[in-house]
Amino acid sequence: MKLTKGIKVPLLDIPSSYKEILEDVENKITAVIQSGQFILGPIVEELEQQIADYCNSNYAVGVSSGTDALLISLMAAGIGEGDEVITTPFTFFATAGSITRLGAKPVFVDIERESFNINPNQIEKKITKKTRAIIPVHLYGQSANMDSVLELSKKYNLVVIEDAAQAIGSEYKGKRVGSLGDYGCFSFFPTKNLGGFGDGGMVTMNSEKFYNQVKVLRVHGSNPKYYHKVVGGNFRLDALQAGIVLAKLKYLDQWTEKRRKNAQTYNHLFKENNIADQVTLPPEINPRHVYNQYVIRVK
C-alpha cells in the first residue's frame, strides 16, 4: 500500500458516524422530549450508571462539561486559596484554568518525551507543604504512569484527580482510567471519542462520600432542595446530551478498535514509505491506548 498524493483528509469528520447512530440518537431525543425532564432525571441517571460500569468505578455524576468535571472535583476535594496542585503544562487550558479559578496555584511538572504525559519522576521534588492534589492528564488517549502518582499521593496524603477528557476506555495495567484516582474527569465535547452534540461531562469515583459531595455541589450546594449548607454551582448535565451520549456509548468499543487499527495502519505506512526514520511514531506504552489523536514528533 502506497501513500497517495492529492487526497484531502479532514482533521476531524464528526458527521461521518451520523448514519450509523442516527436512529438510536433520535429515539433517545424523542424519549427525553416526551418525558418533559430536560435537566438531570432518569436518562442522566442511566448514563451515569453505564459510564460507571464502563469505567469500572463505583459511581459517576453527570456534569455540564469536562472543564466543570475538573472544577467540581477540585471543589469537592476542598482545594482553595493558597493551595498548590501539581499537574502538567502540556494539556488543554482547562486543567490549569480550573485550579486557578479556585484561587489555587498550578505547579507544573515536565512531560515524558515518549508519551507526552506527566513525568512521574519529577513530581516529588515539586511537593511542598501547600500541595493538596495531583492532576495527571491521560493525553491523546494514553494513560499516564499512575503507579508513581498513586504512591506519592499515599505518601503525602494528596488527592488524585484524573483528567481523562481524551481517554475514555483507556487502560493502565488492565484498569480503566477514571477508576484509579479519587476522581476521574471526562468530557463529552463533540470531538472526543464519546462526544455529544454539545457540552457535557462526567465525574467518576469509588468513594460514596465523594459521590454525595459532587452530587450536592452540582446543584448549587442544595441538599435538600433550596437548603444550602455549601456553595456549589450550576454543573448539571442536560438530559438531551445524556441521551445522545447514551445512544453512542454502545458503539464506543467498536469505534475504539477502529481507531487502534487506524493507528497500526499509520505506523505501517510510515515504515513502508521509508519516512519512519524522520519522525517518532506514538508508542503504546500503556495498553489500551484509545487514540483520541495520533500524534507524531518530527525529528
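Draft legend 1. Examining the sheet that holds strand S1 (residues 59-63) more closely. One open sheet accounts for seven strands, arranged S1-S9-S8-S5-S4-S2-S3; its pairing is mixed. The open sheet terminates on both sides in strands that have one partner only, identified here as S1 and strand S3 (105-108). The sheet shows a mean angle of 25° between the axes of neighbouring strands, taken without regard to direction. Judged from the four bridges that link them, strand S2 (residues 84-87) and strand S4 (residues 131-135) form a sheet pairing that is parallel. Residue pairing for S4: Ile 86 is matched across the bridge by Ile 134. Helix-sheet contacts for helix H3 (residues 66-76) involve S1, S2, S4, strand S5 (159-163), strand S8 (183-187) and strand S9 (201-205), and the interaxial angle to S8 is about 160°. Together, S1, S8 and S9 form the strand contacts of helix H6 (residues 208-218), whose direction differs from that of S1 by roughly 15°.

Draft legend 2. Expanded view of the pattern of salt bridges. This structure, assessed with the given rule, holds 10 salt bridges. A salt bridge links Glu 48 to Arg 218; the shortest N-O distance between them is 2.8 Å. Of this pair, Glu 48 sits in helix H2 (residues 42-54) while Arg 218 is found in helix H6, placing the two residues 170 residues apart along the sequence. Judged by relative accessible area, Glu 48 falls into the buried class, the value being 8%. Looking at Arg 218, the relative accessible area reads 7%, which means it is buried. In this structure, Asp 253 engages Arg 288 in a salt bridge whose closest nitrogen and oxygen atoms are separated by 3.3 Å. You can see Asp 253 sitting in helix H8 (residues 252-272) and its partner Arg 288 sitting in the loop between strand S10 (279-280) and strand S11 (297-298), a full 35 residues away along the chain. One connected set of salt bridges, linked through shared partners, spans Asp 253, Glu 257, Arg 260, Glu 284 and Arg 288.

Rules used in this analysis
Residues numbered from 1 in each chain as written. Predicted model: local features only at pLDDT ≥ 70, side-chain atom pairs only at ≥ 80, totals over all residues. Heavy atoms only, no water. Pairing = 2+ DSSP bridges. Helix = DSSP H or I, 4+ residues; strand = E, 2+ residues; numbered from the N terminus. Axes fitted to C-alpha atoms, helices over the stretch in contact; angles between N-to-C directions. Contact = heavy atoms within 4.5 Å. Salt bridge = Lys/Arg side-chain N within 4 Å of Asp/Glu carboxyl O. Buried < 20%, exposed > 50% of the residue type's maximum accessible area, 1.4 Å probe, protein only.

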